[in-house]
Amino acid sequence: MADELRYDGRVAIVTGAGNGLGRAHALLLGARGARVVVNDLGGDVHGGGQSSAAADQVVAEIQAMGGTAVASYDSVEAGDKIVQAALDHFGSVDIVINNAGILRDSSFAKMTEHDWDLIYRVHVLGAFRVTHAAWPHMRSKGYGRVVMTTSAAGIYGNFGQANYSMAKMGMIGLASTLAIEGGAKNVLVNTIAPIAGSRLSGTVMPPQMAEALRPDYVTPLAAYLCHESCQENGGLFEVGAGFHAKLRWERTAGHHFGSQPFGPEEVAEKWLEIGDFSQVSHPKSIAESVMPILQSADSPFGHGKV
Ligand SMILES: NC(=O)c1ccc[n+]([C@@H]2O[C@H](COP(=O)([O-])OP(=O)(O)OC[C@H]3O[C@@H](n4cnc5c(N)ncnc54)[C@H](O)[C@@H]3O)[C@@H](O)[C@H]2O)c1
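Residues numbered from 1 in each chain as written. Predicted model: local features only at pLDDT ≥ 70, side-chain atom pairs only at ≥ 80, totals over all residues. Heavy atoms only, no water.

1. Topic: the UniProt feature "domain: Ketoreductase" (unreviewed entry) in the protein chain
So, step 1. Annotation from UniProt places "domain: Ketoreductase" (unreviewed entry) at residues 10-198.
So, step 2. What you have in residues 10-198 is 48% helix and 17% strand, and the ends, taken at the C-alpha atoms, are 27 Å apart. (UniProt positions renumbered as here; feature names shortened; annotations may be inferred. Helix = DSSP H or I, 4+ residues; strand = E, 2+ residues; numbered from the N terminus.)

2. Looking at the site of the ligand
So, step 1. Among the 30 residues in the neighbourhood of the ligand, the closest are listed as Asn19, Asp40, Asn99, Tyr164 and Ser198.
So, step 2. Asn99 has a polar backbone atom sitting 2.8 Å from an oxygen atom of the ligand.
So, step 3. One of the side-chain N or O atoms of Arg199 is found 2.9 Å from an oxygen atom in the ligand.
So, step 4. Here the ligand, which alone exposes 820 Å², has 97% of that area covered by the protein.
So, step 5. Looking at the shell around the ligand, the elements with two or more residues in it are helix 1 (20-31), helix 4 (113-141) and helix 6 (162-182).
So, step 6. Its residues placed into classes, the shell around the ligand shows eleven nonpolar, 15 polar and four charged. (Near = heavy atom within 4 Å. Polar contact = N/O pair within 3.5 Å; in protein donor to acceptor, adjacent residues only side chain to side chain. Areas by Shrake-Rupley, 256 points an atom, 1.4 Å probe, with all protein chains shown as cover. Nonpolar A, V, L, I, M, F, W, Y, C, P; charged D, E, K, R; others polar.)

3. Concerning helix 3 (residues 79-90)
So, step 1. Counted at 1.5 Å a residue, the expected span for helix 3 with its twelve residues is 16 Å, and the 16 Å between its end C-alpha atoms agrees.
So, step 2. Those residues of helix 3 lying buried are Gly79, Ile82, Val83, Ala85, Ala86 and Phe90. Viewed along the axis of helix 3, the buried residues span an arc of 145°, placing them on a single side of the element. Facing away from the buried side of helix 3 by more than 90 degrees, the exposed set consists of Asp80 and Asp88.
So, step 3. Gly91, located one to two residues past helix 3, shows a positive phi value of around 75°. (Expected span 1.5 Å × (residues − 1). Buried < 20%, exposed > 50% of the residue type's maximum accessible area, 1.4 Å probe, protein only. Arc of directions from axis to C-beta.)

4. Some points on the packing of helix 1 against helix 2 (residues 53-64)
So, step 1. The geometry of helix 1 relative to helix 2 is characterised by a closest axis approach of 9 Å and an angle of 25° between their N-to-C directions. Considered as vectors, helix 1 and helix 2 are oriented roughly parallel to each other. Judged by the sense of rotation from one axis to the other, the crossing of helix 1 with helix 2 is right-handed. Residues Arg23, Ala26, Leu27 and Gly30 of helix 1 lie in contact with helix 2, whose contacting residues are Val58, Glu61 and Ile62. (Axes fitted to C-alpha atoms, helices over the stretch in contact; angles between N-to-C directions. Parallel < 35°, antiparallel > 145°, perpendicular 65-115°, else oblique. Left-handed = near helix turned anticlockwise from the far one by under 90°. Contact = heavy atoms within 4.5 Å.)

5. What to know about the pattern of salt bridges
So, step 1. For the structure on display, the rule yields 13 salt bridges.
So, step 2. Of the charged contacts, one joins Asp8 and Arg6 as a salt bridge, the two residues approaching to 2.9 Å between their closest N and O atoms.
So, step 3. Owing to a relative accessible area of 48%, Asp8 belongs among the partly exposed residues under this scheme.
So, step 4. Overall, Arg6 belongs to the partly exposed group, its relative accessible area being 34%. (Salt bridge = Lys/Arg side-chain N within 4 Å of Asp/Glu carboxyl O.)

Laid out in structure tokens, this is it:
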């Protein structure tokens with residue numbers, strides 16, 4: 001059995017920690033020595049209402065295990081208040097798990113601007129505001145671990161979730177750049193795409209499946225990504241039901257028209273080659289993406305042409 005990973009001395013903010021995945025994350029961190037800000041607005045799945053009960057319940061559960069936790073009832077849209085709660089009660093912030101979430105599903109044809117905006121505000125603006133408020137504290141102490149929670153709907157798309165897909169993909173983009181900007185200061189940022197039974201997924205999952213996919217199956221990965229021994233940065237992971245895997249971009253070898261004139265007809269002619277995945281690369285940065293294109297013998301900039 002491996003040594004237990006502990007979080008003694010660390011201060012963790014878990015947003016949306018009153019239910020489901022966030023609750024499981026908060027309980028594990030609290031059980032292993034972290035002082036936890038249990039943030040939850042206590043609204044319904046669609047972003048309506050507000051209550052302190054959900055956060056209070058999880059704080060009580062952590063305290064009953066002998067842990068230390070405080071409730072925060074603010075929406076993630078007031079991220080600075082959530083971070084201020086961590087500073088006021090525990091004097092610091094080391095870990096941020098951006099987990100709060102709602103759904104406003106509807107086909108794109110029927111989607112209102114309100115559905116679009118609310119999803120953007122809770123997932124993207126909320127993650128931005130909480131992380132942005134925590135960022136200077138983590139950078140100045142040279143330690144931070146941030147986890148974003150995306151979704152398969154963001155990665156692959158899903159009928160009826162145009163707003164949610166946009167927001168969840170937005171969080172991946174946010175994490176990619178934060179990983180670049182935070183890495184040198186030991187502020188590491190990763191993203192999980194979970195699958196778990198919860199009141200949220202209960203709206204799209206059969207009950208038997210929801211029962212089998214316990215949030216506890218997702219929390220060990222989220223917790224590992226928050227541990228000081230974990231050096232992963234900028235990663236994207238699918239996790240659920242005990243399954244753990246990493247995702248990356250894959251690019252075909254493609255076709256370079258070079259400096260020859262070409263139009264849509266030539267693109268159509270080379271369509272199979274452009275989409276042929278028999279030879280691939282996995283660019284991990286803008287440099288790795290762009291340099292091979294510019295340096296190619298076929299490029300107008302290639303082989304010392306500039
Ligand atoms: N359960 C899944 O299969 C699944 C799949 C992909 C992604 N996710 C993501 O995981 C995260 C957690 O989802 P869950 O399934 O545990 O749902 P859940 O409904 O059980 O928990 C989400 C919590 O977030 C809280 N919340 C909502 N809006 C908030 C706000 N503005 N400020 C603070 N708290 C707020 C809710 O009150 C709730 O307690 C979400 O971001 C969700 O999009 C879940």
